[in-house]
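Report on the structure
The lines below spell out each chain.
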Amino acid sequence: MEKMEGSFAVEDMQNVQINIGAIVKEVEEWDQPMGPFPYPSIATLRDWDFKIMQRYKIMYSPICDRCTLCTYGPCDLTGDKRGACGIDQAAQQGRIVLIACLMGATAHCAHGRHLYHWCLEKFGDLPINMGDEILVDAPITRTIAGIKPKTLKDFGPVLSYFEEQVSQLLACTHTGQEGNYMDFESKALHASMLDHLGMEVSDIIQMIAYDMPRGDENAPIVECGMGTLDKSKAILITYGHNLAASSEAMFYTEDNNLWDKVDIGGVCCTAHDNTRIGEGLGYPKEISEKYKDIGTKAKVAGAIGWWRKMVRGDVMDCVMVDEQCVWTDALAECSKLKVPIIATSEKIMLGLPDRTNDPVEEIVDDLVSFRMPGVAVLDPAKAGEVGVRTAIAVKPRRSEIREADPFLSEEDFKKYAESCTYCHSCQFVCPPHIKIGDVVRAAAEGNYEPLSTTYEVCVGCRRCEQACPQDIPILSLYAFANRDYIRNQKFKMRAGRGPVKDTEIRRVGAPIVLGTIPGIIALVGCGNYPNGTKEAYDMAKEFVDRGFIVAASGCMAMDMSLYTDEEGKTIWEQYPGAVDGRNICNMGSCVANAHISGATIKIATIFAGRNERANFDDMADYTLSKIGACGVAWGAYSQKAASIATGCNRMGIPVVVQPHSVMYRRSYVGRTDKKEDWEIIDARDGSKVYCEPAPEHMLYIAETKEEAMLMMAKLCFRPSDNSQGRMIKLTHYCDISMKYFGCMPPDWHVYVRHASDLPLKWKEDMMKELEAKHGWEIDWKRKAIVSGPIRKMDVSFDPTNIERKIRVKK
Amino acid sequence: MAVDTTKNAVPFEMAQIPGPEMAKAYNTAVIGAILKKAKRPLLVVGAELFEDPVMFDKAIEIGKTGVPIAATAHTIKGFIERGYTENVHMIGLHPLTSYLRFKDWQGLDGKGQYDVVIFTGIFYKFASAMFSTLKNFNRDIKRVSIDRYYHVNADMTFGNLAFNPDQYHEAVDEVIAKLKA
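A quick note: this is a predicted structure, and the numbers were derived from the prediction, not measured. (Residues numbered from 1 in each chain as written. Chains lettered and ligands numbered in written order. Predicted model: local features only at pLDDT ≥ 70, side-chain atom pairs only at ≥ 80, totals over all residues.)

Time to look at the overall build of chain B. Counting its secondary structure elements, chain B contains 6 helices and 7 strands. Helices and strands appear in chain B in the N-to-C order β-α-β-α-β-α-β-α-β-α-β-β-α. Taken over the C-alpha trace, chain B has a radius of gyration of 15 Å; the compact-globule value for 181 residues is 16 Å, and the two agree within 12%. Dimensions of chain B, computed from the C-alpha atoms along their principal axes, are close to 35 × 35 × 30 Å. Of all intrachain contacts in chain B linking residues separated by at least 6 positions in sequence, the fraction that spans at least 24 positions is 67%. (Helix = DSSP H or I, 4+ residues; strand = E, 2+ residues; numbered from the N terminus. Rg over C-alpha atoms; globule rule 2.2 N^0.38 Å. Contact = placed C-beta atoms within 7 Å.)

All right, on to the packing of helix α19 (residues 502-514) of chain A against helix α23 (residues 594-607) of chain A then. Residue and element names in this part refer to chain A. At a closest axis distance of 9 Å, the pairing of α19 and α23 adopts a crossing angle of 90°. Compared by their axis directions, α19 and α23 come out roughly perpendicular. In this structure, α19 contributes D502, I505, R506, G509, A510, I512 and V513 to the contact, and α23 contributes K602, I603, I606 and F607. Across the contact of α19 with α23, the residue classes break down as 7 nonpolar, 1 polar and 3 charged. (Axes fitted to C-alpha atoms, helices over the stretch in contact; angles between N-to-C directions. Parallel < 35°, antiparallel > 145°, perpendicular 65-115°, else oblique. Nonpolar A, V, L, I, M, F, W, Y, C, P; charged D, E, K, R; others polar.)

It is worth spelling out the domain arrangement of chain A at this point. All names here are of chain A. Taken domain by domain, chain A comprises domain 1 (46-206), domain 2 (221-401), domain 3 (410-472) and domain 4 (492-787). Taking only C-alpha atoms into account, the centre of domain 2 sits 38 Å from that of domain 4. Domain 2 puts 21 residues into the contact, and the matching count from domain 4 is 20 residues. Breaking the side of domain 2 that touches domain 4 down by element, the ones donating at least two residues are β4 (221-224), α7 (269-274) and β7 (299-302). (Domains from an automatic or database assignment.)

Let us now look at the pairing of strand β8 (residues 318-321) of chain A. All names here are of chain A. The side-chain alternation of β8 yields two buried faces, one formed by C318 and M320 and the other by V319 and V321. Pairing of strand β5 (residues 234-239) with β8 involves 4 bridges; the strand directions are parallel. By the bridge assignment, Y239 is partnered in β8 with V321. Bridge count for β8 against strand β9 (residues 341-343) is 3 bridges, and the pairing is parallel. Note that in β9 the partner of V319 across the bridge is I341. Traced from β8 through helix α10 (residues 330-336) to β9, the parallel crossover comes out right-handed. (Buried ≥ 20, exposed ≤ 12 C-beta atoms within 10 Å, placed from the backbone. Pairing = 2+ DSSP bridges. Right-handed = clockwise from strand over helix to strand, strands pointing away.)

Moving on to unusual backbone geometry. Residues and elements named next belong to chain A. Each neighbour pair has its own omega, and for G73 with P74 the value is 0°, a cis peptide bond. Here P74 lies in the loop between β2 (66-67) and β3 (75-76). Between Y283 and the following residue, P284, the backbone shows a cis peptide bond with an omega angle of 10°. On the secondary structure map, P284 appears in the loop between α7 and α8 (285-291). Of note in this structure, D471 is not a glycine but carries a positive phi near 55°. Looking at the secondary structure, you find D471 in the loop between α16 (463-467) and α17 (474-481). Positive phi outside glycine occurs at K783, with the angle close to 55°. In this structure, K783 sits in the loop between β21 (777-779) and β22 (784-787). According to the C-beta neighbour criterion, K783 is partly exposed, with 13 such atoms within 10 Å.

What follows deals with the confidence of the model for chain B. In the predicted model, chain B carries a mean pLDDT of 97, and the fraction of residues at 70 or more is 100%. Model confidence for the complex: the whole-complex pTM is 0.96, and ipTM, which rates the interface, is 0.98. (pLDDT = per-residue confidence, 0-100.)

Okay, the packing of helix α2 (residues 89-123) of chain A against helix α4 (residues 155-171) of chain A next. All names here are of chain A. Put simply, α2 and α4 touch, their axes get as near as 10 Å, and they point 155° apart. When the axes of α2 and α4 are compared, the pair comes out roughly antiparallel. Crossing of α2 over α4 shows left-handed handedness. Contact residues: L98, L102, A105, T106, C109, G112, R113 and Y116 in α2; F155, G156, L159, F162, V166, L169 and L170 in α4. Class assignment for the residues of the contact of α2 with α4 results in 11 nonpolar, 3 polar and 1 charged. (Left-handed = near helix turned anticlockwise from the far one by under 90°.)

Quick look at the interface of chain B and chain A now. Residue-level contacts link 37 residues of chain B with 36 residues of chain A. Put simply, the parts of the chain that give the side of chain B that touches chain A at least two residues each are α3 (76-81), α4 (93-100) and α5 (124-137) of chain B. Ranked by the residues each element gives to the side of chain B that touches chain A, the list is headed by α5 of chain B, at 10 residues. Here the side of chain B that touches chain A is composed, by residue class, of 20 nonpolar, 11 polar and 6 charged.

Residues and elements named next belong to chain A. If you check which residues of helix α28 (residues 763-772) are buried, you get M766, M767 and L770. Across the axial projection of α28, the buried residues extend over an arc of 100°, all falling on one side. In α28, the exposed residues that point more than 90 degrees away from the buried face are E764, D765, K768 and A772. On its buried face, α28 sits against β21 and β22. (Arc of directions from axis to C-beta.)

Residues and elements named next belong to chain A. Strand order in the open sheet formed by 3 strands is β19-β18-β23, with antiparallel pairing between adjacent strands. Two strands close off the open sheet at either side, each with one partner strand: β19 (687-690) and β23 (799-800). Here strand β18 (residues 679-682) pairs with β19 via 4 bridges, running antiparallel. Bridge pairing links D682 to S687 in β19.

Attention shifts here to the nonpolar core. Residue and element names in this part refer to chain A. Grouped together as the largest cluster of nonpolar side chains are 325 residues, with contacts concentrated most on L477, L523 and A540. Element by element, the count of residues in this core is highest for α2, at 17 residues. Discounting residues that sit within four places of it in the chain, L523 has contacts with A536, M539, A540, V550, A552, M556, V632 and W634. (Core = buried A, V, L, I, M, F, W, Y, C linked by C-beta atoms within 7 Å.)

Turning to the environment of D621 of chain A, a few remarks are in order. All names here are of chain A. Counting through the fold element by element, D621 comes out in helix α24 (residues 616-626). As a C-alpha pair, D621 and K805 span 184 residues in sequence and 9.7 Å in three-dimensional space. Ignoring any residue separated from it by four or fewer positions in sequence, one finds D621 in contact with G652, T800, N801, I802 and K805.

The following block contains the structure:
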């Protein structure tokens with residue numbers, strides 16, 4: 001910042017107070033010219049959104065056919081009916097989608113806002129130093145805001161921009177505001193783009209303040225699983241997404257040499273962030289001098305789907321909750337087992353008394369003596385101290401006071417199992433459709449195996465217990481039958497590495513754009529898997545083995561840690577952690593998802609030399625046309641997952657989701673029978689040409705893991721793929737189909753432009769099929785395709801969807 | 001005596017209550033007659049068939065009456081293993097439903113849009129949502145479920161038979177018999 005010197009006078013005025021908000025004049029240190037869209041407003045990128053929606057038709061699957069939002073309602077909107085205000089079903093669904101995306105986006109941004117204030121208070125303004133290998137350091141912020149943040153304070157205006165936009169967007173959902181479904185969707189895309197901005201800001205703030213890894217492919221391997229929590233110590237669980245209080249618990253433990261007395265385990269994304277602290281570049285000094293590598297002392301207790309299983313498995317003595325994804329009956333569940341709970345965020349106070357201003361001793365005493373089941377302590381430092389001291393002090397008292405053993409007795413287990421009347425009420429409400437009646441009946445007959453084999457399929461929602469007319473504590477039956485597994489659930493996970501390094505982009509940029517690295521697969525999200533956590537591991541392994549770049553984050557990264565190969569190695573121990581083919585990267589917590597979408601911007605700017613500054617649609621167009629990336633949210637449950645996926649879509653990244661994701665109500669699906677939908681511009685001369693449908697869909701719902709994997713491979717095709725890339729991508733697409741479907745995919749030929757695109761192992765047969773089934777003309781002498789493909793091979797083809805990218809008009 | 005498929009007409013996931021328009025449970029004779037009468041029917045089968053393999057055989061029986069089959073997810077594998085691929089098409093339920101909502105779609109065989117779709121063997125929540133799409137955005141297609149669940153967003157469905165596989169299989173056999181008659 002340029003220093004402004006000089007003096008000014010205010011004459012004839014008394015008692016004048018001058019507030020200087022921000023000095024706007026700044027020395028320009030960024031040689032990139034400002035792009036067309038700095039701080040885009042709601043309608044700024046509408047043209048881009050409509051291009052996406054023209055190709056990928058919005059598909060709604062209403063969960064509720066009515067609108068009940070105003071006093072004219074309930075209005076029945078089924079079919080072509082309209083509500084009293086005039087809204088139709090499509091617009092109403094778009095409205096709900098926008099609200100969901102806003103929920104997700106604000107959750108991340110509010111997280112960032114809290115960290116912004118807290119970190120400035122605790123550490124002061126810190127320079128954003130991502131190390132020598134990351135010069136493009138905040139790609140999403142650069143692309144959307146058009147600024148290059150230098151210190152934490154530079155994120156202040158970015159967060160204010162976000163907050164203004166979400167306020168405007170939420171206003172649009174009021175009755176009598178927006179009424180067109182495509183405009184609702186454009187707004188949802190805008191909200192979700194902002195979500196990625198909020199995630200990036202949040203993660204950079206915590207990376208800088210807590211000295212987390214900045215693109216470290218060798219980030220430490222940490223312990224993961226309920227069994228890693230040392231029962232000989234007090235166990236403090238920190239649950240949620242915001243490390244402010246949990247990090248203080250770790251610092252307090254370190255400062256007071258208490259690691260031999262307390263184990264700190266995280267649940268959900270706080271677990272990720274705990275294990276990243278102090279593993280970065282060595283600054284700020286406050287962290288590096290006192291807390292170097294402290295993250296390796298924390299443990300990942302587990303992902304969100306394991307929370308209630310942990311409670312029933314009695315793996316905790318005290319719980320600190322912060323924000324996001326905290327099941328709202330946490331207090332009730334913990335109270336039953338005399339586990340004190342400390343709410344540390346204004347966002348989740350659980351009806352508990354606010355004890356922020358009380359002395360620590362008094363608060364701890366009230367919790368340890370069980371005078372109150374929990375407290376709210378909103379000062380992170382105090383909350384951390386209360387958490388650790390309470391856990392240590394309450395541990396011996398819990399077993400004294402608690403009426404029963406946390407696990408059922410053999411006798412009670414039998415009694416409950418035998419009380420099942422096989423009414424199947426449980427199965428009517430079980431999300432993954434576990435045949436709970438059969439499982440319990442087998443248990444009553446002494447066969448616990450079904451309780452074991454379905455343990456990882458159970459999502460721990462507890463709906464079965466609520467439905468059971470016999471009040472059978474089904475999760476406790478599970479805990480009893482799996483108590484050995486709970487004690488021995490000990491695995492390894494690589495700590496979140498943070499963003500992609502510029503050097504990595506230079507290495508993989510060309511292979512990705514040409515297609516010789518077959519794609520980037522991002523496995524993100526939560527624990528609501530349709531068929532168990534094992535699928536997270538299976539999908540990751542399939543694609544790493546095939547040479548894709550596989551990135552993971554959030555609960556999916558934790559869940560895939562729970563399985564090993566024949567040598568007993570988890571996926572993190574089997575493969576290196578760089579951004580490269582046959583590697584698997586743990587990016588970090590939910591907010592680290594921004595580094596995945598940010599990586600596509602970095603490819604465009606570092607590899608292709610495009611200007612990212614305030615240039616969102618250009619970056620998204622490049623991604624859509626040239627970067628074979630596909631997101632997968634196989635356990636997605638939250639509104640945050642909705643906004644993350646929708647934000648990816650605006651960025652041109654297709655996403656595959658699991659069948660429960662129909663609850664999001666909206667998807668984007670291509671029509672391959674409409675040739676005109678796949679018209680694209682050749683940027684060389686502005687001519688409009690037809691292309692194969694690549695990527696075919698933007699938000700795809702798969703029924704099974706097998707279908708998801710086939711679609712992941714398919715959605716990595718891009719119009720820019722060269723022959724070698726096409727051959728590699730076709731090989732994987734066809735091979736996955738043969739492996740899991742027993743046949744070739746019916747549309748493989750669509751992606752062929754030249755005989756050299758054909759995988760060698762099937763080349764002869766494929767050429768025969770092209771001729772016989774699809775009517776292509778084959779020159780058998782030259783083994784060449786004469787006619788038939790949608791497009792012919794053209795090595796310098798430069799596809800774009802944006803007119804201003806045309807270099808020379810025809 | 002025919003299986004009473006009109007009982008237990010409550011959504012399989014009990015909170016799945018969409019609104020004023022909810023499916024009616026019909027007996028097998030009526031459903032069979034509707035299928036027989038259809039000009040452009042399409043049987044849509046999902047991956048739950050792998051958990052109840054006898055349903056592959058029943059789907060093939062329906063296929064042999066001339067009703068084309070859309071094999072969603074990786075269900076095609078079950079048909080290949082049984083040597084029946086005559087009129088079986090591999091397509092995901094999601095894109096299939098997307099096509100079904102457009103009146104100008106020409107079908108899997110290029111001969112025109114379908115007038116009746118029959119779902120079975122599909123993950124409940126997914127099938128329900130896809131029925132909802134058709135219910136709201138293409139009401140020209142009759143939505144029929146011959147799955148073991150009461151499907152609230154269908155036009156015609158069985159009541160819940162999920163916990164009585166024998167009865168369920170018998171009910172499907174009755175529909176097939178009607179179709180063949």
